[in-house]
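# Structure assessment
Listed below are the residues making up each chain.
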Amino acid sequence: MNPDILIALAPELALFALAVVVLLAGLAARARGSHVGRAALSEDAGRPAKANGAPAIGWLTLIGLAVIFGVTFLVPEGASLLGDSFLQDSLALFVKRLFIASAALSVLGSLTLQQQAFSRRSAEYHFAVIVSVLGMSILASARELILLFVGFELMSIPLFLLTGFLKREAVAPEAALKFFLVGTASSAVIVYGMSFVYGASGSTMLSAIPAAMADGHPLMMLGMGLLLAGLGFKIAAFPFHMWAPDTYEAASTPFVAWLSVAPKAAGFVAIIRLYIEGVGSAALVWMPAVAVLAGMTMVTGNLMAIPQQNIKRLLAYSGVAHIGYMLVGLAALSSSGVAMMLFYLVAYMFGNMGAFLVVQAVAQSEQSDGIDAYRGLAQRSPLLALSMLIFLLSLGGIPFVAGFWAKLYVFWAAIERGMYGLVFLGAVLTVVALYYYLLVARRMYIEAPPRTEPVPVPRLLGVAILACVVGVVGMGVYPAPWVTWAQRVASTLFS
Amino acid sequence: MSRLPILSIMTWAPVLSALVIMFAARHRPLLVRWTAVVGTGISLVASLWVYCEYDRAAAGFQFHEELPLVPSLGISYLLAIDGISALMALLTSIIIFAGAFASWTVKERSQEFYALLLILVTGVYGVFVSLDLFILFLFYEIAVLPMYLLIGIWGSSGHVRPQGIFGWAMGRTGVGTKEYAAMKLTLYLLFGSAFILVGILALYVAAGSQTFSFLAFQSMQFDPDLQRWVFLAFYVGFGILAGIWPLHTWSPDGHASAPTAVSMLHAGVLMKLGAYGVVRLGMGLLPDASVDWAWLVGTIACINIVYGALSAMAQTDLKYVIAYSSVSHMGVVMLGAATLTVDGLNGSVFQMFAHGIMTGLFFALVGLVYEKAHSREIFKMGGFGSMMPGIATAFTIGGLSSLGLPATAGFVAELLTFLGAWSSEYQWWLFPGVIGAFLTSVYVLRVAKQIFWGPPSSDPHFENLPDARGTEWAALGILVFVLVLFGVAPSLAVNPVDTATGPLLQRVVGE
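Residues numbered from 1 in each chain as written. Chains lettered and ligands numbered in written order. Predicted model: local features only at pLDDT ≥ 70, side-chain atom pairs only at ≥ 80, totals over all residues. Heavy atoms only, no water.

Next up on the list: the overall build of chain A. Each helix and strand counted, chain A has 22 helices and two strands in total. Computed over the C-alpha atoms, the radius of gyration of chain A is 22 Å, within 12% of the 23 Å expected from 2.2 N^0.38 for a compact globule of 495 residues. The principal-axis extent of the C-alpha atoms belonging to chain A is close to 65 × 55 × 40 Å. Counting only contacts in chain A whose residues sit at least 6 apart along the sequence, the fraction spanning at least 24 positions is 81%. Counting every atom, chain A has about 16600 Å² of accessible surface; 69% of that belongs to carbon and sulfur. Taken as two groups, the 27 positive and 22 negative side-chain charges of chain A have centres that lie 7 Å from each other. (Helix = DSSP H or I, 4+ residues; strand = E, 2+ residues; numbered from the N terminus. Rg over C-alpha atoms; globule rule 2.2 N^0.38 Å. Contact = heavy atoms within 4.5 Å. Areas by Shrake-Rupley, 256 points an atom, 1.4 Å probe, with all protein chains shown as cover. Lys, Arg positive; Asp, Glu negative; His and termini not counted. Charge placed at Lys NZ, Arg CZ, Asp CG, Glu CD.)

Our focus in this paragraph is unusual backbone geometry. Most peptide bonds are trans, and most residues other than glycine sit at a negative phi. The step from Trp-245 of chain B to Pro-246 of chain B runs through a cis peptide bond, and the omega angle for that step is 0°. Looking at the element boundaries, Pro-246 of chain B is found in the loop between α10 (224-242) and α11 (250-257). Within the chain, Ala-236 of chain A stands out as a residue other than glycine whose phi angle is a positive 60°. In this fold, Ala-236 of chain A is placed in the loop between α10 (218-235) and α11 (243-250). Judged by its relative accessible area of 1%, Ala-236 of chain A is buried. The backbone phi angle of Gln-367 of chain A is positive, close to 55°, even though this residue is not glycine. Within the secondary structure, Gln-367 of chain A is located in the loop between α16 (335-366) and α17 (377-380). Judged by its relative accessible area of 64%, Gln-367 of chain A is exposed. (Buried < 20%, exposed > 50% of the residue type's maximum accessible area, 1.4 Å probe, protein only.)

Residues and elements named next belong to chain A. Helix length check: helix α18 (residues 382-396), at 15 residues, gives a terminal C-alpha distance of 20 Å against a target of 21 Å (1.5 Å per residue), a fit within 8%. With eleven of 15 residues buried, α18 is to be regarded as a mostly interior element. Every buried residue of α18 is listed here: Leu-384, Ala-385, Ser-387, Met-388, Leu-389, Ile-390, Phe-391, Leu-392, Ser-394, Leu-395 and Gly-396. On its buried side, α18 packs onto α15 (311-331), α16, α17, α19 (402-416), α20 (420-445) and α21 (459-477). (Expected span 1.5 Å × (residues − 1).)

With that out of the way, let us pick up the packing of helix α4 (residues 90-110) of chain A against α21 of chain A. Residues and elements named next belong to chain A. As a packed pair, α4 and α21 sit with axes 7 Å apart at the nearest point and diverge in direction by 150°. Between α4 and α21, the interaxial angle falls into the category roughly antiparallel. Crossing of α4 against α21: the hand is left-handed. Taken together, the residues of α21 that come into contact with α4 (itself represented by Leu-105, Leu-108 and Gly-109) are Leu-460, Leu-461, Val-463, Ala-464, Ala-467 and Cys-468. Grouping the constituent residues of the contact of α4 with α21 by class yields eight nonpolar, one polar and no charged. (Axes fitted to C-alpha atoms, helices over the stretch in contact; angles between N-to-C directions. Parallel < 35°, antiparallel > 145°, perpendicular 65-115°, else oblique. Left-handed = near helix turned anticlockwise from the far one by under 90°. Nonpolar A, V, L, I, M, F, W, Y, C, P; charged D, E, K, R; others polar.)

Our focus in this paragraph is the pattern of salt bridges. All names here are of chain A. Evaluated as defined, the whole model comprises 17 salt bridges over all chains. For Arg-313, the salt bridge identified is with Asp-246, shortest N-O distance 3.0 Å. One end of the pair, Arg-313, is in helix α15; the other, Asp-246, is in helix α11, and 67 residues separate them in sequence. Overall, Asp-246 belongs to the partly exposed group, its relative accessible area being 23%. Taken together, the salt bridges that share partners define one network made up of Glu-174, Lys-178, Asp-246, Glu-249 and Arg-313. (Salt bridge = Lys/Arg side-chain N within 4 Å of Asp/Glu carboxyl O.)

A separate point is the packing of helix α8 (residues 171-201) of chain A against α11 of chain A. The axes of two packed helices give the description: the angle between them and the distance between them. Residue and element names in this part refer to chain A. Interaxial distance between α8 and α11 falls to 9 Å at its minimum, and their mutual angle equals 150°. For α8 against α11, the interelement crossing comes out left-handed. In contact with Val-171, Ala-172, Ala-175, Lys-178, Phe-179 and Val-182 of α8, α11 contributes Trp-243, Asp-246, Thr-247 and Ala-250. Its residues assigned to classes, the contact of α8 with α11 comprises seven nonpolar, one polar and two charged.

Opposite the 27 residues of chain A that make contact, chain B presents 30 residues. Of the roughly 2700 Å² buried between chain A and chain B on both sides combined, carbon and sulfur atoms contribute 88%. Linking chain A with chain B are zero salt bridges, by the criterion used here. Between chain A and chain B we count one residue pair in polar contact (both at pLDDT 80 or more) in total. Where the side of chain A that touches chain B is concerned, the elements lending two or more residues are α17, α19 and α20 of chain A. (Buried area = accessible area lost by both parts, 1.4 Å probe. Polar contact = N/O pair within 3.5 Å; in protein donor to acceptor, adjacent residues only side chain to side chain.)

Structural data, given as structure tokens:
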């Protein structure tokens, strides 16, 4: 085999190898009965897990992901493989780094989970995570409909498993089932749409789409419309967002942190590949549709978030709103629009994952996901509260944290296209968003604490939160390198 | 440039002292206070120096400082000051310096209080001295956001009872509580900032010159249609902060609930930030639109004057009276700007200054009265003049300035504004203005008579109340001194302001 292919496929091959190793390590541990996976999980909630006592398989996964993250920087950009169906371009590598980094943060956060299931079935958990990352990676590179679909399924099926991972808890199977039904339905819609696209273009290659789209064949439009709907499910855009709050509420929090970011990014890449890359001016047909979708998603997400009393549901709806903002960038259908959306994705990753990780810390100590559990947090654990405030402000789009630049750049791209109305709507809705974010801030800073002892933060979880704080503040204070990077990635799509 | 970056020193000194407070002065209340005094003192000295050294003959923007931040987008840290902003910076310094003394008695979590207050002040300075619109916007956000926590944590609540047909709904949202006021204020102002941001971005894209520099925008001729809606965006965005009717309702709630120093700063300086934004960005960059929309700005200003004064008369809570009087006086500011005459605009800027000082004084006094008598109900208190003669005298001087008595700063401001209104296109604007001045004297004198100079209250709570002491005198003394000084010698302020307003109007009306 040509060694170039091996080098270009290194991230995927390494992910596959890591998945196999993790699975085998789990089997070996079980066979020896030595419970490597359980090795001294901290039994009591109050004691932070010692670094050396954390589950070995989790560490194996973490180190593996870190190595693969490094490998993505060694892969040459622009390789086109397997009969042009697999493209390792800079966009693919950009989002792959995002997938891997977010998965690593999630794994870091989940190392200190206390439920028995996580220690007993640690290998299964991490195996599913890695396989899902592999699916996303394939998806990000796919330039062919069938490979695209395979990537989708490879990504989604482990997510269903992970949602229902705590199978003994009453809500988990229900949420998993809901997620599964919606997910498979959307997959069916995607396949159905693909069949029309194939019928109209006569090829499964994405490169055949622009020509067919330029013809304006009605079946082609139908197919692309169905695809957009199916992808809308995956990224939880309005009106396909219903599954998100229920799923988020029931699944384990570090996993949700990841679920709320990585699959969305994958969905966006698929949209870029299908509707923007190489399509040229024929793509403008989709501009009004995406703009309307963006507007509706922002409105729904922001308004539905207001009455939520459960922080995970609140973050779920606010996540829906953020998808809307990213769609604004996409609706611009321009190089800067895509660049700003990619920037937004990174900012959203740090802000949203950080917020969910804080939720994890508070939930472990308070046994509650209610917003009221945050009362007086600033006086109990000032640093934890400050982190949460930073994440919320970033999600709300306040200067000096990443979210501000993200929103600004997305609006900017839209204004360049003359979409003043959409920008105005988005700008007003950021104020609505700040209302519910400030409601959490009010609980943390203004209301009196019910108890005075600090919230214990396991050390590893603290490290993950700190990483997110550094990311959010770093991007907020000095966004220039990230912007340049995103612009360079996006410009390759329009060359 | 080898010169000292005096504007940066003025702007960042409060933040530096905030850092010292958070890290070095933890749990040492007295050190916290003196650090704040030193930090704001440095700013005060710097702004006084700038104010005196400002070259009036040369006019224009001076004390330039430039540092490219994001060259690819044309964002740079560009500071400079002209006659208007020099006066505004001086106002900010005076108010916050007095405010640092007026907050001496804050007990709970005092180091966080001072730190947030000082960060907020840096935002205010930043808006006044920035010439890069993007940086200006960033400073604007810094000036707005800490307010949420300042009011939410250290504010006071429970003086308003929801009544009427919406009483139930208002009770549910918590009307009258400090949390409600903090949230309302923050959301209103951020709503405004969304307008401002869209306006700034629209200008940036329309200019197509890869810069956010005010001077670059000023030299451009924007399309009249674009000007028209961008002016509206700026007017609504900054106008919310300036308390324009009907978007003013955050201000009485917010000011009444806020702790003393925050009320002083907010009513005294932050509302001016809004008016300053309309004058600087709206009129400065969009000359055609400011002529087109003058009727709207002026008419709403007239409503502000009369409506604010009438509302102030109806209040029974002392702090709400002062808060509504701010709404009324900000109407005078906006009216002066809308006249598009040199006199009117000078009056507008002078009123920003005069009102800033006297509202600062009023809120400091209300804070003192509340601290000693634990009441803000006007009709429960009485005869305090004999127990606290110092406070009573200061309140009366402030009140006389508020109603525009000659030899106080308020008189000069109103006179100039009314002169401007009379020579403007819409002469009838004069009448609401004069009616407002009359109504002001009604509510000010009524309050002064009831609380300070009338017969003593029979309530035993109000016996043997002490007068102001120690550091409290510092706050009052500074403010009263400035109020009278600028009333007796208005040219101190009018001269530098004149150097800025003339060229500005020349661009607008082309005379």
